[in-house]
Amino acid sequence: MMQQSKFPKYIFDWFGGLVLLIGYIIGSVIVGFVGVAGKFIFRLDFMQKPWFLMLSNAIVFCLVIAAFDFLIVRPKTGKKLNFNFSPTNFYTYLLIFPMMLGMMFIGEFFTAQIPTTGPFFGDYYEFFENLMSGLTDDPVLMVITAVIMAPIFEEIIFRGIIQKGLMNKGVEPWKAILFSSLLFGLIHGNPWQFVGATLLGGVLGLVYYKTKSLLLPMLLHGFNNLCSTLLVTYTKNESFAQAFKIPEWEILIIGIVLFSLFCYLFMKKNKVHYSDI
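Structure report, in brief. Remember, it's a predicted structure, so these values are computed and weren't measured experimentally. (Residues numbered from 1 in each chain as written. Predicted model: local features only at pLDDT ≥ 70, side-chain atom pairs only at ≥ 80, totals over all residues. Heavy atoms only, no water.)

With that settled, the discussion passes to the overall build of the protein chain. Counting its regular elements, the protein chain contains 10 helices and zero strands. Whereas a compact globule of 277 residues would reach a radius of gyration of roughly 19 Å, the protein chain reaches 20 Å, a difference of no more than 12%. The principal-axis extents of the C-alpha atoms in the protein chain amount to approximately 60 × 55 × 35 Å. Taking all 277 residues of the protein chain together, the buried fraction comes to 44%. Contacts in the protein chain between residues at least 24 apart in sequence constitute 79% of all its contacts with a sequence separation of at least 6. With the model as given, the accessible surface of the protein chain reaches about 14800 Å², and the carbon-plus-sulfur share is 71%. (Helix = DSSP H or I, 4+ residues; strand = E, 2+ residues; numbered from the N terminus. Rg over C-alpha atoms; globule rule 2.2 N^0.38 Å. Buried < 20%, exposed > 50% of the residue type's maximum accessible area, 1.4 Å probe, protein only. Contact = heavy atoms within 4.5 Å. Areas by Shrake-Rupley, 256 points an atom, 1.4 Å probe, with all protein chains shown as cover.)

Below, the structure is given as structure tokens:
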């Protein structure tokens, strides 16, 4: 007798994407209404406060996930949205974190090639820098938002819902990983984060596909954001090259070596394969 899976076998298609979008819009409207109400009724500008941004992100992400759960998963599978968060053996962690670091180095090199000056990029980059500087006013809230909350919510949506839902539909794994990674890059809303987020999304998707555990991409995502937070906090930029005082091309070489070696070991030597049961 086959053991019935406790995880719902939902699919992700255009309607699922529409549901996620509707959840995002409703969440954004609620957050905007609270912000406007605070400004005009209580004379408090909530929207400029880091804690409000943190709570706003949590509200929007929760509504996006809840919309998919109640409108897609439960009606079509009879089960609530649920994921595998199983830990793995220590050997796997020794492979995936250096692999992730290597891709972070590679992503930094290509991001550094995008202009930050000029008639378009200059103004856009200045706006982006001002936005990021506002998020770093409170280091504690920044860590909570970027290192804890974002990895949990974003991995549930992009790997757990979108990538897994596409593979459940029969989409080839590499296509599902690529699609979810590109979407992950696009939602960051600027060309400098798009490159790195897309590349890192590929690693996160690969790890999730191989292990079937959402815990691992969450930890890797948190590791990436923690490194970025530390770089921004202590060096005022997100550059490993500037922090280590070495050229960007050396960072690229180190990144290629790290990623290639540990990706090979992870793909060929690592025998960890979870099943969704």
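We are not done yet, so read on.
Phi angles above zero are rare outside glycine, and Lys-212 is one such case at about 65°. Turning to its location among the elements, Lys-212 is positioned in the loop between α7 (191-211) and α8 (215-235). Notably, Lys-245 is not glycine yet its phi reads approximately 60°, a positive angle. Examined against the element boundaries, Lys-245 turns out to sit in the loop between α9 (240-244) and α10 (248-269).

Turning our eyes to something else, we now look at the pattern of salt bridges. On inspection of all chains with the given rule, the structure shows three salt bridges. The salt bridge involving Asp-69 is made with Arg-74; its shortest N-O contact spans 3.0 Å. Residue Lys-175 pairs with Glu-172 through a salt bridge whose shortest N-O separation is 3.6 Å. Classification of Lys-175 as partly exposed rests on a relative accessible area of 39%. (Salt bridge = Lys/Arg side-chain N within 4 Å of Asp/Glu carboxyl O.)

Another point: the packing of aromatic side chains. Taken as a whole and judged by the stated rule, the model has 10 aromatic pairs. Seen in terms of ring centroids, Tyr-10 and Phe-68 are 5.7 Å apart; in terms of plane orientation they differ by 85°. Their pairing is edge-to-face. Residue Tyr-10 is found in the segment before α1 (14-40), and its partner Phe-68 is found in helix α2 (residues 50-77); the two are separated by 58 residues along the sequence. A single burial state applies to Tyr-10 and to Phe-68, both of which are buried. Taking the centre distance of 6.3 Å and the plane angle of 75° together, the rings of Phe-83 and Phe-85 count as edge-to-face. Judged by its relative accessible area of 39%, Phe-85 is partly exposed. The structure contains a cluster of three or more aromatic residues connected by ring pairs, namely Tyr-10, Phe-12 and Phe-68. Above the face of the Phe-184 ring, Arg-159 is positioned so that its terminal group lies 4.8 Å from the ring centre. The ring of Tyr-209 carries Lys-212 above its face, with NZ or CZ at 5.0 Å from the centroid. (Phe/Tyr/Trp six-rings, centres within 6.5 Å; stacked < 30°, edge-to-face > 60°. Lys NZ or Arg CZ within 6 Å of the ring centre and 35° of its normal.)

Moving on: the environment of Cys-62. Following the sequence through the fold, Cys-62 ends up in helix α2. Assessed through its relative accessible area of 42%, Cys-62 is described here as partly exposed. Along the sequence, Cys-62 and Tyr-24 sit 38 residues apart, while their C-alpha atoms lie 9.2 Å from each other.

On to the side chain of Asn-190. On the secondary structure map, Asn-190 appears in the loop between α6 (173-186) and α7. Only 3.1 Å separates the side chain of Asn-190 from the backbone oxygen of His-188, close enough to count as a polar contact. Within the local environment of Asn-190, its side chain forms a polar contact with the backbone nitrogen of Gln-193, the two atoms lying 2.8 Å apart. If we skip the residues at most four places from it in the chain, Asn-190 touches Tyr-124 and Phe-128. (Polar contact = N/O pair within 3.5 Å; in protein donor to acceptor, adjacent residues only side chain to side chain.)

Let us now look at the nonpolar core. Soluble globular proteins tend to bury their nonpolar side chains together. Counting residues in hydrophobic clusters, the biggest one holds 34 residues, and the most contacted among them are Leu-20, Phe-68, Phe-83, Ile-157, Ile-161 and Ile-162. Listed by contribution, the elements that provide at least two residues to this core are α1, α2, α5 (139-169), α6 and α7. Among the elements that take part in this core, α2 stands out by supplying 11 residues, more than any other. Each residue touching Phe-68, except ones within four places of it in the same chain, is listed here: Tyr-10, Ile-11, Phe-12, Gly-16, Val-19, Leu-20, Val-73 and Ile-161. (Core = buried A, V, L, I, M, F, W, Y, C linked by side-chain atoms within 4.5 Å.)

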